[in-house]
Amino acid sequence: MDATSKKAYGVAIIIQLIYTGMYVVSKAAFNHGMSTYVFIFYRQAAATALLLPLAIVLERKNAPPMSFRLFLKLFFYALLGNTLSMNLYNISLKYTSATVASATSNSVPVVTFFLAVLLRLEVVRLRSPSGMAKAVGVALCLAGVLTIALYAGPSMSPVNHHRAFAAHQHPHAAAAGGGGGKGTWIKGTFLMLLSNTTWSLWIVLQASLLKEYPNKLLSTLVQCGLSTAQSFLLAVAIERDPAAWKLQLDVGLLAVAYSGLVVTGVSFYLQAWCIEKRGPVFLAMSNPLGLLLTIFCSSFFLGEIVRLGSLLGSGLLVGGLYSVLWGKSKDHLHQKQTQEAPKTLATISNDGHDDDEEKQQPAAAVQNTGGGDEKQLKDLFAMEASPLRHQSG
């Protein structure tokens, strides 16, 4: 194993640790009574504050114009993939557990693939091994969600009874159903799936958006800013208590700072680097490690009781994830071989021109070095502040 591969494995582990921290700290903040709606507003505001100076530095000279029609489209995408998705996610996290949040994140690539098929952006050939693997993956994903929602099973005792984020029963949390029964758990699980579905639909829609407006950094910044305004209006309409807006030196402030700055800045930088070096499939396949870390940390720090149904459902979701990723990797390999075949024939037929092409390549390489670092920086922050692993899609 070379140095780059070792570094990629280390970066993947760090990414999963960062997301584990997000699940645990966010759940702890909600257990302590922080409003999910106010949390989203502060988180999106922090992410916008991080992205704005980057956009000013990197795009001040070559920012493309934006039409009113495109602005309305970005407003709708921000409402769907950020405001709606994040609020559904945090409400469901309050109703369920950090383990469920981490487990269902494995369904994002599967749901994205299913939506792409429905929108005829991807074709499934059920008679081929890759097509069968994708169909099995969708079925396993659905079975996993149903298992988590409908089957509890025996419980596992918390690892640590003297937990760091011990939560007293806060009136705000109790009113929100933080300690609800089976009905609340089922509702929370399906809200989590709905959140993943809205985010997956956002991923599919971004393909057409980037063709119309290819500047990823500005597109991300505008959607994040619009989501901040949308989240503020939603929070004002729902949270009438001024005390819910106050940030204090507690786990709520930690959750806002961690999600808005560490997840948006540090983890997305590492994700971009990891995808560049090893590809998105490598990063997606590390998701189950995050699930194991979340199960341990939520039990240790939050005292969450993990039930057998959650473990079985998590296993089915991971199986569905790997099945879809295997099918897509087979399709990618087949497509690559199909594309390389004509190039090989063209190389053989144009063998006499190889020397001229080799002489031209160094000059082209020198010309392409300018601005490469700036473009790479722009692409590093091409992703939104999201509670989900959208890079897996």
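Since this is a predicted model, take the numbers as computed values, not measurements. (Residues numbered from 1 in each chain as written. Predicted model: local features only at pLDDT ≥ 70, side-chain atom pairs only at ≥ 80, totals over all residues. Heavy atoms only, no water.)

1. Topic: the overall build of the chain
For the record, the criterion: A run of DSSP states H or I qualifies as a helix once it reaches four residues; a run of E qualifies as a strand once it reaches two. Both are numbered from the N-terminal end. It only takes one pair of heavy atoms within 4.5 Å for two residues to be counted as in contact. Residue-level accessible areas treat just the shown protein chains as cover; the underlying method is Shrake-Rupley with a 1.4 Å probe.
Along the backbone of the chain there are 15 helices and two strands. Within the chain, residue pairs in contact and separated by at least 24 positions form 92% of the contacts whose partners lie at least 6 positions apart. In the form shown here, the chain has an accessible surface area of approximately 19,300 Å², with 66% of it arising from carbon and sulfur atoms.

2. A few points about the packing of aromatic side chains
Threshold: Ring pairs are drawn from Phe, Tyr and Trp, using the six-membered ring of Trp, whenever the two centres fall within 6.5 Å, and their geometry is named by plane angle: stacked under 30 degrees, edge-to-face over 60, tilted for the rest. Exposure categories follow from relative accessible area, calculated using a 1.4 Å probe and restricted to protein chains: below 20% of the type maximum is buried, above 50% is exposed, and the middle band is partly exposed.
Scanning the model with the defined rule gives ten aromatic pairs in all. Between phenylalanine 41 and phenylalanine 232, the aromatic rings sit 5.3 Å apart at their centres with planes inclined by 50°, giving tilted as the arrangement. Of this pair, phenylalanine 41 sits in helix 2 (residues 36-59) while phenylalanine 232 sits in helix 9 (residues 216-238), and the two are 191 residues apart along the sequence. An angle of 20° between the planes, with centres 5.8 Å apart, marks the rings of phenylalanine 296 and phenylalanine 300 as stacked. Here phenylalanine 296 pairs with phenylalanine 300, and both are found in helix 12 (residues 287-301), just four residues apart, close to one helical turn. Of the residues examined, phenylalanine 296 reaches a relative accessible area of 44% and is grouped as partly exposed. By way of ring pairs, the aromatic residues Phe41, Tyr42, Phe232 and Trp245 are connected into one cluster.

3. Let's talk about the confidence of the model for the chain
Note the threshold: Each residue carries a pLDDT score, the predictor's own confidence in it, on a scale running from 0 to 100.
Here the chain shows a mean pLDDT of 79. Residues at 70 or above account for 79%. By mean pLDDT, helix 7 (residues 171-175) is the weakest element of the chain at 38, and helix 3 (residues 68-95) is the strongest at 93. Contacts of residues 168-179 to residues separated by more than four positions or lying in other chains number 20 contacts, the stretch itself having pLDDT below 50. For the stretch residues 357-393, pLDDT sits under 50, and the model shows 79 contacts to residues farther than four places along the chain or on other chains.

4. Concerning the packing of helix 1 (residues 3-31) against helix 3
What counts is decided by this rule: Fitted lines through C-alpha atoms serve as axes, helices being fitted only where they are in contact, and the angles separating the N-to-C directions of these axes extend from 0 to 180 degrees. The scheme is simple: roughly parallel for angles under 35 degrees, roughly antiparallel for over 145, roughly perpendicular for 65 to 115, oblique for anything else. In this count, Pro and Cys sit with the nonpolar residues alongside Ala, Val, Leu, Ile, Met, Phe, Trp and Tyr, while Asp, Glu, Lys and Arg are called charged and the others, Gly among them, polar.
At a minimum axis distance of 9 Å, the contact between helix 1 and helix 3 shows a crossing angle of 75°. When the interaxial angle is binned, helix 1 and helix 3 end up roughly perpendicular. Contact residues: helix 1 offers Met22, Tyr23, Ser26, Lys27 and Phe30, while helix 3 offers Tyr89, Asn90, Leu93 and Lys94. When the residues that make up the contact of helix 1 with helix 3 are grouped by side-chain class, the tally is five nonpolar, two polar and two charged.

5. Digging into the side chain of asparagine 106
We count it as follows: Here a polar contact means two N or O atoms within 3.5 Å. Within protein one must be a hydrogen donor candidate and the other an acceptor candidate, and residues neighboring in sequence count only if both atoms are side-chain atoms.
You can see asparagine 106 is positioned in the loop between helix 4 (98-104) and helix 5 (108-118). Since its relative accessible area comes to 0%, asparagine 106 is described here as buried. Among the polar contacts made by the side chain of asparagine 106, one reaches the main-chain carbonyl oxygen of serine 102 at a distance of 3.4 Å. Each residue touching asparagine 106, except ones within four places of it in the same chain, is listed here: Asn287, Pro288, Leu317, Val318 and Leu321.

6. Points about the pattern of salt bridges
Quick note on the threshold: Salt bridges are counted wherever a side-chain nitrogen of Lys or Arg sits within 4 Å of a carboxyl oxygen of Asp or Glu.
A full pass over the atoms with the stated rule returns two salt bridges. Here glutamate 212 and arginine 69 are joined by a salt bridge, their closest N and O atoms 3.0 Å apart. With glutamate 212 in helix 8 (residues 182-212) and arginine 69 in helix 3, this residue pair connects regions lying 143 residues apart in the sequence. Note on glutamate 212: relative accessible area 34%, which makes it partly exposed. With a shortest N-O distance of 2.7 Å, glutamate 212 and lysine 73 are connected by a salt bridge.

7. Looking at helix 1
Convention followed: Each residue after the first adds 1.5 Å to the expected span of a helix.
With 29 residues, helix 1 should reach 42 Å at 1.5 Å per residue; the first-to-last C-alpha distance of 42 Å fits that figure. Remark: glycine 33 follows helix 1 within two positions and exhibits a positive phi of approximately 105°.

8. So, the environment of glycine 183
Along the chain, glycine 183 falls in helix 8. For glycine 183, a relative accessible area of 53% translates into the label exposed. In the structure, glycine 183 is positioned 34 residues away from alanine 149 in sequence and 9.2 Å away in space, judged by C-alpha atoms.

9. Digging into the packing of helix 6 (residues 129-150) against helix 8
Where we set the bar: Here is the rule for handedness: rotate from the far helix to the near one, and if that takes an anticlockwise turn smaller than a right angle the crossing is left-handed, while a clockwise turn gives right-handed.
Where helix 6 meets helix 8, the closest approach of the two axes is 8 Å, and the angle between their N-to-C directions is 155°. With respect to their mutual orientation, helix 6 and helix 8 come out roughly antiparallel. Judged by the twist between their axes, the crossing of helix 6 over helix 8 is right-handed. Facing helix 6, whose interface residues are Val145, Leu146, Ile148, Ala149 and Leu150, helix 8 presents Lys182, Trp185, Ile186, Thr189, Phe190 and Leu193. Tallied by class, the residues present in the contact of helix 6 with helix 8 amount to nine nonpolar, one polar and one charged.

10. Describing helix 5
The buried fraction of helix 5 is high, at eight of eleven residues. Regarding helix 5, the residues found buried are Val108, Pro109, Val110, Val111, Thr112, Phe113, Leu115 and Ala116.

11. Details of the side chain of threonine 147
With respect to the helices and strands, threonine 147 occurs in helix 6. When neighbours within four sequence positions are excluded, threonine 147 is seen to be in contact with Gly309, Leu312, Gly313 and Leu316.

12. Focus: a nonpolar patch on the surface
Defined as follows: In this analysis, a patch consists of residues with relative accessible area above 30% that form no salt bridge, clustered at 9 Å for like charges and at 5 Å for the nonpolar side chains Val, Leu, Ile, Met, Phe, Trp and Tyr.
Side chains of Phe114, Leu118, Leu119 and Leu121 sit close together on the surface and give an oily, nonpolar patch of about 410 Å² of accessible area. A relative accessible area of 39% means that phenylalanine 114 is categorised as partly exposed.

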